[in-house]
Amino acid sequence: MSENRTIQRFDNKASDEAVNEALMRVGAAIVEGAAPRDLIDRVQADFREPFDREGHVFSNDFNGYKTLRLGGVLGISRASAELIAHPRVMAAADAALLPHCENYRIGSTTAIEIHPGEGHQELHRDDNFYPYRIPGIEYQIAAMWALDDFTVENGATRVILGSQDLRPIEDIPEEDVIQAVMPRGSLLLYLGATVHGGGANHSNGPRSGLINTYSLGWLRQEENQYLTVPREIADSYPENIRRLMGYQAHGTMLGVYPGDPDGYWYDA
Ligand SMILES: O=C(O)CCC(=O)C(=O)O
């Protein structure tokens, strides 16, 4: 099988360097079994009631009409923080983003449950809402956690390897689309410029995943963490999570505020 026909997959003992090398070279990599089963159980349990209550409100042509979604995940699930700040993901974000910024932060947090009968999501690049590109600089990475087994039938994420080269999406032939088949608890990492999309669910059960993006610290976040996660919940998280939400400045000047953790606000 040629390299473009399969996403390189690693077991959880692989070095971060090996995973990140694949991610940066072809735009995606899978780490199987990156999260323990009981953590995935807790995250899924936290999502169940909100999925059923409000997961439909994000329905539209892009997200689908048989797909439930939740945003502002840190306000819904404390357990999700362990996936959001998982060391594998932080190592990938360090490798992809830290060469271009002093710190990075959450772009978005989205739980996605694709139900039977849903079609393919439109292929897209997550970072397309930033109006300009700077050659050689990745703006984002994404981490998709499989909360169920991801299979060809139930809608495993569709990915085009190498597409971080910014080739036009309309020129991508169907045979270049491969799926991130992976067992529950696995992690799909991909770059913000990697073309991808949710898959059609032809199975009898839902396919749920948690997809979090991380963006350069000097870019505006896709999902406004200050207004989606109530302040008292944000304050109850440890410092590494608060920093990821954006409760930190970028350098000494950008986004300073009274009480910022690096002391950049000059109190009288
Ligand atoms: O659900 C998936 O597999 C991918 C979803 C996605 O890429 C998106 O909604 O932006």
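Our structure's up above, just so we're on the same page.
A quick note: this is a predicted structure, and the numbers were derived from the prediction, not measured. (Residues numbered from 1 in each chain as written. Predicted model: local features only at pLDDT ≥ 70, side-chain atom pairs only at ≥ 80, totals over all residues. Heavy atoms only, no water.)

A.B. asks: I keep staring at the overall build of the protein chain and nothing clicks. Help me out?
C.D. replies: Of regular secondary structure, the protein chain possesses 7 helices and 10 strands. Rg of the C-alpha trace for the protein chain: 18 Å, near the compact-globule value of 18 Å for 268 residues, within the 12% margin. Buried residues in the protein chain amount to 53% of all 268 residues. Look at the contacts in the protein chain between residues 6 or more apart in sequence, and 77% of them connect residues 24 or more apart. When the accessible area of the protein chain is evaluated, it comes to approximately 12,100 Å², of which 54% is carbon and sulfur surface. (Helix = DSSP H or I, 4+ residues; strand = E, 2+ residues; numbered from the N terminus. Rg over C-alpha atoms; globule rule 2.2 N^0.38 Å. Buried < 20%, exposed > 50% of the residue type's maximum accessible area, 1.4 Å probe, protein only. Contact = heavy atoms within 4.5 Å. Areas by Shrake-Rupley, 256 points an atom, 1.4 Å probe, with all protein chains shown as cover.)

A.B. asks: Honestly, a nonpolar patch on the surface in this entry has me stumped. Any pointers?
C.D. replies: A cluster of nonpolar side chains, namely I134, W218 and L254, defines an oily patch on the protein surface of about 250 Å² accessible area. Along the chain, the position of W218 falls in the loop between β10 (207–216) and α5 (225–228). (Patch = residues over 30% accessible without salt bridge, like charges linked within 9 Å, V, L, I, M, F, W, Y side chains within 5 Å. Salt bridge = Lys/Arg side-chain N within 4 Å of Asp/Glu carboxyl O.)

A.B. asks: Quick question: what am I supposed to make of the site of the ligand here?
C.D. replies: If you check the shell around the ligand, you find R69, I112, I114, Q121, H124, D126, M144, T157, H196, G198 and R207 and nothing else. Between an oxygen atom of the ligand and a side-chain N or O atom of Q121, the distance comes to 3.0 Å. H124 is positioned such that a nitrogen or oxygen atom in its side chain is 2.9 Å from an oxygen atom of the ligand. Protein coverage of the free-state accessible area of the ligand, which is 300 Å², stands at 94%. (Near = heavy atom within 4 Å. Polar contact = N/O pair within 3.5 Å; in protein donor to acceptor, adjacent residues only side chain to side chain.)

A.B. asks: Got a minute to help me understand the nonpolar core in this structure?
C.D. replies: Grouped burial of nonpolar side chains is what soluble globular proteins tend to show. In terms of nonpolar packing, the biggest core is built from 53 residues, with F47, L74, L83, W145, Y214 and M245 touching the most fellow members. It is helix α4 (residues 87–97) that contributes the most residues to this core, 6 residues altogether. (Core = buried A, V, L, I, M, F, W, Y, C linked by side-chain atoms within 4.5 Å.)

A.B. asks: How should the layout of surface pockets be read in this particular structure?
C.D. replies: Rolled over the atoms, a probe with the dimensions of a water molecule shows which regions are left empty. Approximately 610 Å³ is the volume found for the largest pocket. Looking at the lining of the largest pocket, the elements that each hand over two or more residues are β3 (67–70), β4 (104–114), β9 (196–197) and β10. Among the elements that make up the lining of the largest pocket, the one with the highest residue count is β4 (4 residues). Residues that form the lining of the largest pocket fall into these classes: 9 nonpolar, 16 polar and 9 charged. Forming the boundary of the second largest pocket are 15 residues, of which R105, L219, Q221, Y226 and G255 lie nearest the centre. (1 Å grid on protein atoms, 1.4 Å probe; cavity = no way out; pocket = protein on both sides within 12 Å on 5 of 7 lines; lining within 4 Å. Points joined across faces, edges and corners; volume = space filled by probe spheres on them. Nonpolar A, V, L, I, M, F, W, Y, C, P; charged D, E, K, R; others polar.)

A.B. asks: Would you take a moment to explain the packing of aromatic side chains for this structure?
C.D. replies: Two aromatic rings are characterised by how far apart their centres lie and by the angle between their planes. Here the structure, examined in full by the defined rule, presents 5 aromatic pairs. Taken together, a centroid distance of 4.8 Å and an interplanar angle of 65° make the contact between F129 and Y130 edge-to-face. F129 gets classed as partly exposed once you look at its relative accessible area, which sits at 39%. Here the aromatic rings of Y226 and Y247 are separated by 5.2 Å at their centres, their planes lie at 85°, and the arrangement is edge-to-face. Pair noted here: Y226 is in helix α5 and Y247 is in the segment after α7 (239–245), with a separation of 21 residues, a long-range link. Take Y226: its relative accessible area is 37%, and that puts it in the partly exposed class. In this structure Y247 comes out as buried when scored by relative accessible area, which is 9%. Aromatic ring contacts, followed pair by pair, group F129, Y130, Y139 and W218 into a single cluster. The ring of Y237 has R78 sitting right over it, with the charged end atom 4.3 Å from the ring centre. (Phe/Tyr/Trp six-rings, centres within 6.5 Å; stacked < 30°, edge-to-face > 60°. Lys NZ or Arg CZ within 6 Å of the ring centre and 35° of its normal.)

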